[in-house]
Structures are given as C-alpha cells and as structure tokens.
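# What the coordinates show
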Amino acid sequence: MTARDEPSAPAPESAGPAEIPVPLSRNRDFTLLWVSQLASVLGSRMSYVGYPLLVLSLTGSPVLAGLVATARGAPQWLLGLPAGFFADRWDRRRLMLTCDLVRFVALASIVGGLATGWLTYPHIIVVALVEGSATVLFSPAEVGALRHVVPASQLRSATARNESREYGAMLAGPPIGGTLFSIAALLPFLGDALSYLVSYVTVSMIKTRFRSAPVPDTKALSLISGVRDGLRWLFRQPFLRGSALMVAATNLVGNGMPTLLVVIGHESGTSAAVVGTVLTVAAVGGLLGSFAATWAAERIPASWIVIGFPWVWAALLPILLVAGNIVVMGVVFGLMLAAAPLWNSVLSTYRIVLVPDELLGRVDSACRFISQSATPLSPLLAGVLLQFYGSTTTVLVMLGWLVLVALVGTVVPALRHPPVLPGDEKQPSDPVVA
C-alpha cells in the first residue's frame, strides 16, 4: 500500500508478534527502550537548567540565556516534519544510534570547553542547536521502534509507562541539574552526555527489528513529496485529524495555566517561592496520573477516554473561580495534569496502531506538529486576557473554550466513535455523556 491509495479508515495493524505476549515488565526489548529514554530525558532535564545558569555565569545576560533555550527548541519547528520523513526512509536503529552519538559528542564538547577554559557563548549556541536537532530526528524513529518491540494489545500500557517516564524526569531532572551545577558547572552537561551514551548502549542491545519491511529506496521519494504524502494521509483520516486538532485546541488552555497561576499569585502578594512550589506540586499530579494511566488504560475503553478528557478539564476549571488561594488553584491544576497522561497515551496508541509502518514517522510528526502549534501562543493569550480583563474573565474564557472543544469532540462522529483498539473488542465502545 502506498501513501496515495490509503484506505479512508485504516484497519489496525499488528504491532508485534502474534503469540500471547509476555508482560511488559518481562519484555526485554521494551525495557531496554524505556530505560534508554529515561536516561536520555533525565539528562536533558538536567542540562535544561544547566544551559541558562551557564550562560548567566559567563555573560550575565538573561537575553542570551533565553536565546540558548530558543536555539534548543527551534529545531522542532524547522525539522519536525522532515524528521518523520527521515524516520520512514532511513534505518530507524541507525538513525537513533547516530543521534545519540551526535548528542553525546556535542554535550561532551561543553564539558571539555569548561574543563579547559575555552568555552565560548557561540559554542554553547551551536551545541544547543545540534542537541535539539538530533532530539527532533530521534523522536519519530523511537515511535517506530516502540511499534515493533511491543504487541498491539499492550501499546496503551506501554505508552502510559512512557508518560510516567516523562513526568518523572520532568520533576527530578531540574533539581538534580541545579544541584550538580552548584557543585561544578560542567556536571549537568557531563550527566546529559553520559545519558546519551547509556541510550546508545541500550538501544544497540535491542534485538527486535524496528520496521516490518526493508528500508525503502530513499531515491524513490523527495523530501517535499514525502512530507506531503504523510500530511495528505493524515488529513484523510477523520479520527486522527480530529484528535490532533482537539489536542491543539486543548493546549491553548493547558499551556496558559502556569501563566494564570503565576499572575494570580503575584496579584495576591504570594511569594515567588510559594508560587514555584505550587507549580511543582501541580506537576506531581501529572506524575501520579501517569502511574494511574497504566492501570486505567487496561480498564477504560479508549472511546470514553478520547472525548472524556476535555470534559474533565471543563469540570475542574470552574473551581478556580471560587478557590480561596493559590494553593487550592495549584491542586486543581494538579488534578487537571493528572488526567493528561491517560489521554496522551491513548492518542499515541491510536497513531502507532492505525498508521501504516512506512508512513508512521511522517504521520506521527505531523500530529505532533499540529498538536503543539498552539503551545507558543497559549501563554501570550493568557497574559493578554489577564492584563486587560482580569483573572475571572480569563478563567471564564478558558472554560468556554474547553466546553466548546468538549462539545465538538462529543458530537463529531469520528471522535465519538473512534476505531476499536486491540484490547477494547469486548469492552463497551459507546461513551455515555450526561
């Protein structure tokens, strides 16, 4: 099947062996892949705080510190769609190993520069760009690898475990990185470099092939036409297209919540330390939700989860209107974050199961690109609403938007009746909406 004759409603493909699968905890290749990315993400979170601290210590300029963060994130916009093409056309294992080696060398160069006293600001900018670019290229290849190391019936549990990995590293990485930097400036970057070395070793130990067919001839398809085929396939699939747009719409609220809490805390005279602690506690909600997601993903029909998430957020948000202080608001935000891992894991599973292997990188990258398109705008919109209309109006606007998103998700047939995932065949698939 080519990208030009895809079915309108793709049937789920087998993402692993046909025999009865072993539990994920005893799946050697999944464990290796999971550990590789736990190390990698934890290292990245350590250097995430190391970069601005290092630049401030060298230049004293917040602007230059922010520019490094931008340089690290810019490749997502520049390479997000091409990365999926490369993951589909190149050998995924080699691509992942190459990206790990490139990131190891890049971070090790900062360690060497600090040790010798030759480190410069342009050097840091280049390393941030290289690390960010390699990370963007690595991600769709890892999604393709997950498809083959985990049977289709276990993908929801596997993606839920990946969510716990992300939230755990998000919480542990920054304080570890800050502590290491206070001991020696090179330590967070040494830790990040070593994390990529761990990822390289563990990925190289995986025995399962990362694709179901030989690597396609890269000369048969140009980059532009390849990316276009992936986008065309995605937009012909009502459920995948609609879910990606629903995530983007929901992110308009979710990514504006920290700005809302910070401003409310400032206006109420709450100290910066308390506000920061509240946001950290809220992030713990996401971690706890990721642990529960593994259990819930095996018991709740995916169709319920798809349309239920926006309703959960819409039900929680009005509490902010009557909350007496910033701490209660942080708890509400934590509950909202707790629901996110289950939703993310189910939508990720749909992409992995439904998309043909030869298009998986491009379609997954396109979905990520769409769903993250609103991320930079969300804090800005929240700030504008807060400055000109106040916190109450801002919450009401967010609530109205969430209710609209939830209603659309409920009434659109493709989202209300999504394809059946492996493991849902014997569960009720028609969500009950009050």
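Since this is a predicted model, take the numbers as computed values, not measurements.

### With respect to the pattern of salt bridges
Scanning the model with the defined rule gives 13 salt bridges in all. Note that D192 is salt-bridged to R72, the shortest N-O span being 3.8 Å. A residue pair is termed long-range when its members are at least 10 positions apart, and D192 in helix α7 (residues 187-204) and R72 in helix α2 (residues 62-73) qualify at 120 residues. This pair shows no difference in class: D192 is buried, exactly as R72 is. Here R165 and E166 are joined by a salt bridge, their closest N and O atoms 3.3 Å apart. Under the relative-accessibility criterion, R165 is labelled buried at 5%. Salt bridges linked by common partners bring D88, R92, R147, D357 and R362 together as one network.

### As for the side chain of R103
By the secondary structure assignment, R103 is in helix α4 (residues 92-116). Once you skip the residues sitting within four places of it in the chain, R103 turns out to touch S40, E131, A134, T135, F138 and Y196.

### So, a nonpolar patch on the surface
Judged by side-chain polarity, L377, L380, L381, V384, F388 and Y389 come together as a nonpolar surface patch covering roughly 640 Å² of accessible area. Among the secondary structure elements, F388 is positioned in helix α16 (residues 377-411). Its relative accessible area of 58% is what places F388 among the exposed residues.

### Some details on the packing of aromatic side chains
All chains considered together, the criterion is met by seven aromatic pairs. For the pair Y51 and F189, a centre-to-centre distance of 5.3 Å together with 80° between the ring planes defines the contact as edge-to-face. Residue Y51 is located in helix α1 (residues 28-59), and its partner F189 is located in helix α7; the two are separated by 138 residues in the primary sequence. Here the two residues Y51 and F189 agree in accessibility, since each one is buried.

Reading the values: the criteria
- Residues numbered from 1 in each chain as written.
- Predicted model: local features only at pLDDT ≥ 70, side-chain atom pairs only at ≥ 80, totals over all residues.
- Heavy atoms only, no water.
- Salt bridge = Lys/Arg side-chain N within 4 Å of Asp/Glu carboxyl O.
- Helix = DSSP H or I, 4+ residues; strand = E, 2+ residues; numbered from the N terminus.
- Buried < 20%, exposed > 50% of the residue type's maximum accessible area, 1.4 Å probe, protein only.
- Contact = heavy atoms within 4.5 Å.
- Patch = residues over 30% accessible without salt bridge, like charges linked within 9 Å, V, L, I, M, F, W, Y side chains within 5 Å.
- Areas by Shrake-Rupley, 256 points an atom, 1.4 Å probe, with all protein chains shown as cover.
- Phe/Tyr/Trp six-rings, centres within 6.5 Å; stacked < 30°, edge-to-face > 60°.

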